[in-house]
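Structural characterization, general
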Amino acid sequence: QAWSPEKLQKWLPVDQYVGGVEHAILHLLYSRFFTKALRDMGHLNFDEPFTRLFHQGMVLGSDGQKMSKSRGNVEAPDKYVEKYGADTVRCYMMFIGPFDAGGSFRADNLEGIWRFLNRFWGLINESWISGKANATETNESKAIERLRNKTIKRVTEDLSHFRFNTALAALMECNNVLIKQQNDDVAHSAAFQRTLETMMQLLSPLAPHITEELWHLTGHNNSIHTSDWPTYDEALTKEETFTLVMQINGKVRERVEVPAGISEAEVRELVVNNPRITTFIGETTVQKIIYIPGKLVNIVVRN
């Protein structure tokens, strides 16, 4: 036999092919030729060797040109791994731009990722509750739980579409919020601790070494990479409120925080009774009120 039918059944066709466009006329094209020929000969029961294809972008030199020895713009990662650690270099490579577009490698920008990972390390070490977390739910802890669910959704969707840069951006935003609140009472809530744990899991595919270390430092016995991926409650990813922009003839005159589920009738009543809006309307005649749900209300008036 040229191959094992059992292994063929297990491994083929490949679930995901990731490669650059420069490979399109090399192993990508030839592998398709061989697969189709073997299929026609009756040796395979599938038509394509890969079920999904994604072309990544090219990493360029700091001058924006393709790396080459002749240009003298080739960067080897070893010295940066030694200085910043492998996780910093990994995350930076994913953060320089959309995965399918690539970008220029600029060593100075590694500092930003390095600072983020250090802040995250410090947050876990300073804020992790060794004892039993306070189970009391406050408005602040409810907001943290919503942040956790929103971050899970964003990172999960981004990773499934190879949007590594925006996944990292979501984790950075969550990290910044938690750092600002780590000295408040909410830092002793169960929601805060759950969010720290979730952050470690969401970051683990991007920074596998630091998260594995933190996972064990916070009392977990198993590997973070074998833990279940966090799930989210769709209802908790929705905003409870939004800022309603109030306009008169297209000019912004007021902004008011309102419940997300507010009805159009309630918006109309709210806007016509708003003291600031009534001042601007004065003796003019209201012709119509236009409401764009979740965004703004515009009052059209004439003298």
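First, a word on what this report is: a plain description of the structure on this page. This is a predicted model, so every value here is computed, not measured. (Residues numbered from 1 in each chain as written. Predicted model: local features only at pLDDT ≥ 70, side-chain atom pairs only at ≥ 80, totals over all residues. Heavy atoms only, no water.)

**Describing the pattern of salt bridges**
- Throughout the structure, instances matching the rule amount to 12 salt bridges.
- Across the salt bridge formed by D40 and R39, the nearest N and O atoms sit 2.7 Å from each other.
- Judged by relative accessible area, D40 falls into the exposed class, the value being 59%.
- Of the charged contacts in the structure, one is a salt bridge between K238 and E234, with a shortest N-O distance of 3.3 Å. (Salt bridge = Lys/Arg side-chain N within 4 Å of Asp/Glu carboxyl O. Buried < 20%, exposed > 50% of the residue type's maximum accessible area, 1.4 Å probe, protein only.)

**Let's talk about helix α2 (residues 27-40)**
- The terminal C-alpha atoms of α2, which comprises 14 residues, lie 20 Å apart, in line with the 20 Å expected from a rise of 1.5 Å per residue.
- Residues L28, S31 and T35 constitute the buried set of α2. Within α2, the buried residues cover an arc of 65° as seen down the axis, which keeps them to one side. What points out from α2, more than 90 degrees from its buried face, is the exposed set F34 and D40.
- On its buried face, α2 is in contact with β1 (17-19) and β2 (53-55).
- Backbone geometry just downstream of α2 places G42 in the positive-phi region, at approximately 85°. (Helix = DSSP H or I, 4+ residues; strand = E, 2+ residues; numbered from the N terminus. Expected span 1.5 Å × (residues − 1). Arc of directions from axis to C-beta. Contact = heavy atoms within 4.5 Å.)

**Observations concerning the packing of aromatic side chains**
- Evaluated as defined, the whole model comprises nine aromatic pairs.
- Here the aromatic rings of Y80 and F105 are separated by 5.4 Å at their centres, their planes lie at 55°, and the arrangement is tilted. Of this pair, Y80 sits in helix α3 (residues 78-84) while F105 sits in the loop between β4 (102-104) and α5 (110-127), and the two are 25 residues apart along the sequence. Taken as a pair, Y80 and F105 share a single burial class, namely buried.
- In this structure an aromatic cluster arises from ring pairing among F54, F99, F162 and F164. (Phe/Tyr/Trp six-rings, centres within 6.5 Å; stacked < 30°, edge-to-face > 60°.)

**Some words on the packing of α5 against helix α8 (residues 190-203)**
- For the pair α5 and α8, interaxial distance at closest approach is 11 Å and the crossing angle is 145°. In the crossing of α5 with α8, the sense of the turn from one axis to the other is left-handed. Residue-level contacts link F116, L117, F120, L123, I124 and S127 of α5 to F192, L196, M199, M200 and L203 of α8.
- When the residues that make up the contact of α5 with α8 are grouped by side-chain class, the tally is 10 nonpolar, one polar and no charged. (Axes fitted to C-alpha atoms, helices over the stretch in contact; angles between N-to-C directions. Left-handed = near helix turned anticlockwise from the far one by under 90°. Nonpolar A, V, L, I, M, F, W, Y, C, P; charged D, E, K, R; others polar.)

**Focus on the pairing of strand β8 (residues 296-302)**
- Counting buried residues in β8 gives six out of seven residues, a clear majority hidden from the surface.
- By the bridge criterion, four bridges tie strand β5 (residues 241-248) to β8 in an arrangement that is parallel. Across the sheet, residue M246 finds its bridge partner in β8, namely V297.
- The pairing of strand β7 (residues 285-292) with β8 spans seven bridges and is classified as antiparallel. Note on β8: the bridge partner recorded for Y291 is V297.
- Following β7, the chain reverses through three residues before pairing antiparallel with β8; G294 in that reversal takes a positive phi of roughly 80°. (Pairing = 2+ DSSP bridges.)

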